[in-house]
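What the coordinates show
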Amino acid sequence: MPLLIEPVLPAGTFRAEPQPCLIVDDRLLLRPWCADDVEAVEAAFACPAVQRWHVRRIDGEDEAQTWIEGWDRRWAAETDASWAVVDARDDRVVGQVGLRTISLFEASAQLSYWVLPSDRGAGIASGAVAALTRWAFGTVRLNRLSLLHSTANAASCRVADKAGYGLEGTLRSSMLHADGWHDVHVHARLKSDSSPSPAEQPRGPVRRSPH
Ligand SMILES: CC(C)(COP(=O)(O)OP(=O)(O)OC[C@H]1O[C@@H](n2cnc3c(N)ncnc32)[C@H](O)[C@@H]1OP(=O)(O)O)[C@@H](O)C(=O)NCCC(=O)NCCS
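Counting restarts for each chain: residues are numbered from 1 in the order of the written sequence. Reporting in this predicted model follows two pLDDT cut-offs: at least 70 for local features of residues, and 80 or more for side-chain atom pairs to be given and counted; totals over whole chains, interfaces and linings ignore these cut-offs and use all residues. Water and hydrogen atoms were dropped before computing side-chain values, which therefore reflect all heavy atoms in the structure.

1. Let's talk about a negative patch on the surface
In plain terms, the rule: A patch consists of residues whose relative accessible area exceeds 30% and which take part in no salt bridge; residues with like charges are grouped when within 9 Å of each other, and nonpolar side chains (Val, Leu, Ile, Met, Phe, Trp, Tyr) when within 5 Å. Methods summary: accessible areas were calculated by the Shrake-Rupley approach with a probe of 1.4 Å, and residue burial reflects only the protein chains presented. Any carboxyl oxygen of Asp or Glu within 4 Å of a side-chain nitrogen of Lys or Arg constitutes a salt bridge here. Charged residues are defined narrowly, with Lys and Arg counted positive, Asp and Glu counted negative, and His plus the chain ends left uncounted. Charge positions come from single atoms, namely NZ of Lys, CZ of Arg, CG of Asp or CD of Glu. Labels follow the DSSP assignment, with helices taken as runs of H or I lasting at least four residues and strands as runs of E lasting at least two, numbered in each case from the N terminus.
Where like charges cluster on the molecular surface, the negative patch consists of E39, E61, D62 and E63. Among the secondary structure elements, D62 is positioned in helix 3 (residues 61-77).

See below:
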């Protein structure tokens, strides 16, 4: 059966280039995950809030390594992408930001993020989301980015607001967590949306990673 519309973005939009490093600001950088990040990944998923909202536990070094190694495959498959958010001075991992359920056909994706407990409350998540948003709209030319969170996750709602993702509505009983069904806020931005949030002003060139 012939399709009556063409995919908005062609296959290879992501995988044709190595996953880039992206500048957040003077203090933070987004870069692909590497083997040395195992300890940080274990620490992140040991946090009850990360386990709660990401519905996953990581048990030990081997599972953290497997989690890290999976991102190269997903980049090649163009289904999902994840960046380590690192301190630009010493490359210390402070968080994660990524794209989930990428659709090249509709030029869309969902955002995901977490920040290590010791680094929360310093604008890391909202800064990382803003940097990824700039790249996803400006370089990749996605059309829509959405950000979904349980209505019980007030910090995530604030991150969405700070990064300029307006609230579109509430999906009732839409996410299953360990404690049952949660209502979910849908926030989104379109490439055509004007006036970027203050956290999203351009901050210098995009650098490509060496591999
Ligand atoms: C949500 C999370 C990523 C935020 O990271 P962060 O780097 O602290 O985020 P930011 O500093 O950019 O912004 C957080 C905002 O939420 C606010 N906030 C934090 N906890 C809050 C709470 N319980 N209720 C309301 N607001 C809260 C902060 O005050 C801040 O707003 P402000 O700058 O206006 O003061 C982090 O708390 C986290 O990793 N949580 C666990 C995993 C998670 O929830 N991931 C998202 C799943 S959708």
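2. Describing the pairing of strand 2 (residues 28-31)
Stated formally: For every residue, the accessible area (1.4 Å probe, protein chains only) is compared with the maximum for its type, and the residue is labelled buried under 20%, exposed over 50%, or partly exposed between those bounds. Paired strands are those between which DSSP finds at least two bridges.
Here strand 2 shows no split at all, with L28 and L30 on one side and L29 and R31 on the other all buried. Bridge analysis of strand 1 (residues 22-23) against strand 2 gives two bridges, and the strand direction is antiparallel. Paired with L22 across the strands is L30, a residue of strand 2. Count of turn residues in the strand 1/strand 2 antiparallel hairpin: four residues. Where strand 2 lies against strand 3 (residues 81-87), four bridges are found, and the strand directions are antiparallel. Bridge pairing in strand 3 places R31 opposite A84.

3. Observations concerning the side chain of D37
Note the cut-off: In protein, a polar contact means a hydrogen-donor-capable atom and an acceptor-capable atom, both N or O and within 3.5 Å, with residues adjacent in sequence counting only if both atoms are side-chain atoms; elsewhere, any N or O pair within 3.5 Å suffices. A contact between two residues is defined here by any heavy atoms of the two lying within 4.5 Å.
Following the sequence through the fold, D37 ends up in the loop between strand 2 and helix 1 (38-45). Look at D37 and you get buried, because its relative accessible area is 4%. At 2.9 Å, the side chain of D37 and the backbone nitrogen of C34 are in polar contact. Residues in contact with D37, not counting those within four places in the same chain, are R31, I68, A84 and V93.

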